[in-house]
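These are the residues of each chain, in order.
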Amino acid sequence: MDAVEKVYRFYESCRHEKFVYGKSARGLPLVGFFIGRREYPVTLFQYAIHAREWVTALLALEHVKRGLSRGGAYILPLANPDGAALSLREEGFSLWKANAEGVDLNVNFPALWGTGRANVFLPAPENYAGAFPLCAPESRALARFTRAVTPDAAVSYHTKGGEIYWEFGQRGEALLRDGKIAAALAEETGYAAKMISGSAGGYKDWCIRALRIPSFTIEAGSDALSHPLGEACLPDIVRENIGVPERLAEELLKWKTK
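A brief structural summary. No experiment lies behind these values; they were computed from the predicted model shown.

### Here we look at the overall build of the protein chain
In step 1: Helix and strand counts for the protein chain come out as eight helices and eight strands.
In step 2: On C-alpha atoms alone, the protein chain measures out to a radius of gyration of 17 Å, which is about the 18 Å that the 2.2 N^0.38 rule sets for 258 residues.
In step 3: Along the first, second and third principal axes, the C-alpha atoms of the protein chain reach 50 × 40 × 35 Å.
In step 4: Across the 258 residues of the protein chain, 60% fall into the buried class.

Here it is in structure tokens:
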């Protein structure tokens, strides 16, 4: 049973609150869970938006099992199920990042869309920004759901590199807050909090620009590993990241009281 099958099997059997928030390009349900309580802070975590990074979907299931003792969290384990299935099951597609239509979902959001240094403008295994922002059903569903639930912060899980990206043009108090929260998440995971340039159109970027909330891209797993990271890497990824939802809630609560 591969990671895509494990997500859907878990969804079928799970007793946590669960929901479908859209469909993929090939009609697969985009599934999610809610853990904790609907009281501040309520966060949103999404995983496996890049196909070859499907191992993060299994981290999501561990986060659901762990639960949350303060606040609540929406857990969206498989933002790109078609692409993950291609990467796992089709010969020659193991390094595929895009959805089934060749759109890189994590450069398809309206946050300086199309201006990323690596963007391309034809369907491709990676970096195709799409015909227009949110042209892909998966990114469109994710944006619609995020707006509907109005989270207090968001996290996008990727592999690899052991880094946390947190900045996209914030200023003043927001920049200070988000940098401090990123530093706390770096302490929690052992990863490095970093500001990067040349990237645009990502989910994290859109959450910061459009919703004005703290948002983080977490690149799980050592950069010494090779794509795609397999299930053998999962125990280390879980050990490093299992406490992130709880730590993020703690840090948001600290900032609310300041």
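### Description of the pattern of salt bridges
In step 1: Following the criterion strictly, the structure yields 17 salt bridges and no others.
In step 2: Taking the shortest distance from any N to any O, the salt bridge between Glu 246 and Arg 70 comes out at 3.2 Å. Placement of Glu 246 in helix H8 (residues 244-256) and of Arg 70 in the loop between helix H2 (55-66) and strand E4 (72-76) is noted, with a sequence separation of 176 residues between them.
In step 3: Residues Arg 247 and Glu 188 are paired through a salt bridge, measuring 3.1 Å at the closest nitrogen-oxygen approach. Of this pair, Arg 247 sits in helix H8 while Glu 188 sits in helix H5 (residues 172-189); the two residues are 59 residues apart in sequence, bridging distant segments of the chain.
In step 4: According to the relative accessible area criterion, Glu 188 is partly exposed, its value standing at 30%.
In step 5: Through salt bridges with shared partners, one network takes in Glu 187, Glu 188, Arg 247, Glu 251 and Lys 254.

### Digging into the packing of helix H1 (residues 3-13) against helix H3 (residues 81-89)
In step 1: For the pair H1 and H3, interaxial distance at closest approach is 9 Å and the crossing angle is 135°. As judged from the angle between their axes, H1 and H3 are oblique. Between H1 and H3, the contacting residues are Ala 3, Val 4, Glu 5 and Tyr 8 on the first element and Pro 81, Ala 84, Ala 85, Leu 88 and Arg 89 on the second.
In step 2: Here the contact of H1 with H3 is built from residues that sort into seven nonpolar, no polar and two charged.

### Some remarks on H3
In step 1: With respect to burial, H3 is a largely interior element, seven of its nine residues being buried.
In step 2: Buried within H3 are the following residues: Pro 81, Asp 82, Gly 83, Ala 84, Ala 85, Leu 86 and Ser 87.
In step 3: Here the buried face of H3 lies against H1, strand E2 (29-36) and helix H4 (137-149).

### Some details on the pairing of strand E8 (residues 215-220)
As a general feature of sheets, a regular strand has side chains that alternate between the two faces.
In step 1: Summarising burial for E8: six of the six residues are buried, a large majority.
In step 2: Here E8 shows a buried face lined by Ser 215, Thr 217 and Glu 219 and a second buried face lined by Phe 216, Ile 218 and Ala 220.
In step 3: Pairing of strand E5 (residues 153-159) with E8, which is carried by six bridges, proceeds in the parallel orientation. Looking at E8, one finds that Thr 159 is bridged to Ala 220.

### Side note on the packing of H4 against helix H6 (residues 203-211)
In step 1: The N-to-C vectors of H4 and H6 enclose an angle of 40°; their axes lie 12 Å apart at closest approach. The orientation of H4 relative to H6 falls into the category oblique. Every pair of crossing elements has a handedness; the one defined by H4 and H6 is right-handed. Contact residues: Leu 142, Ala 143, Thr 146 and Arg 147 in H4; Tyr 203, Trp 206, Cys 207, Ala 210 and Leu 211 in H6.
In step 2: Grouping the constituent residues of the contact of H4 with H6 by class yields seven nonpolar, one polar and one charged.

How each quantity is defined
- Residues numbered from 1 in each chain as written.
- Predicted model: local features only at pLDDT ≥ 70, side-chain atom pairs only at ≥ 80, totals over all residues.
- Heavy atoms only, no water.
- Helix = DSSP H or I, 4+ residues; strand = E, 2+ residues; numbered from the N terminus.
- Rg over C-alpha atoms; globule rule 2.2 N^0.38 Å.
- Buried < 20%, exposed > 50% of the residue type's maximum accessible area, 1.4 Å probe, protein only.
- Salt bridge = Lys/Arg side-chain N within 4 Å of Asp/Glu carboxyl O.
- Axes fitted to C-alpha atoms, helices over the stretch in contact; angles between N-to-C directions.
- Parallel < 35°, antiparallel > 145°, perpendicular 65-115°, else oblique.
- Contact = heavy atoms within 4.5 Å.
- Nonpolar A, V, L, I, M, F, W, Y, C, P; charged D, E, K, R; others polar.
- Pairing = 2+ DSSP bridges.
- Left-handed = near helix turned anticlockwise from the far one by under 90°.

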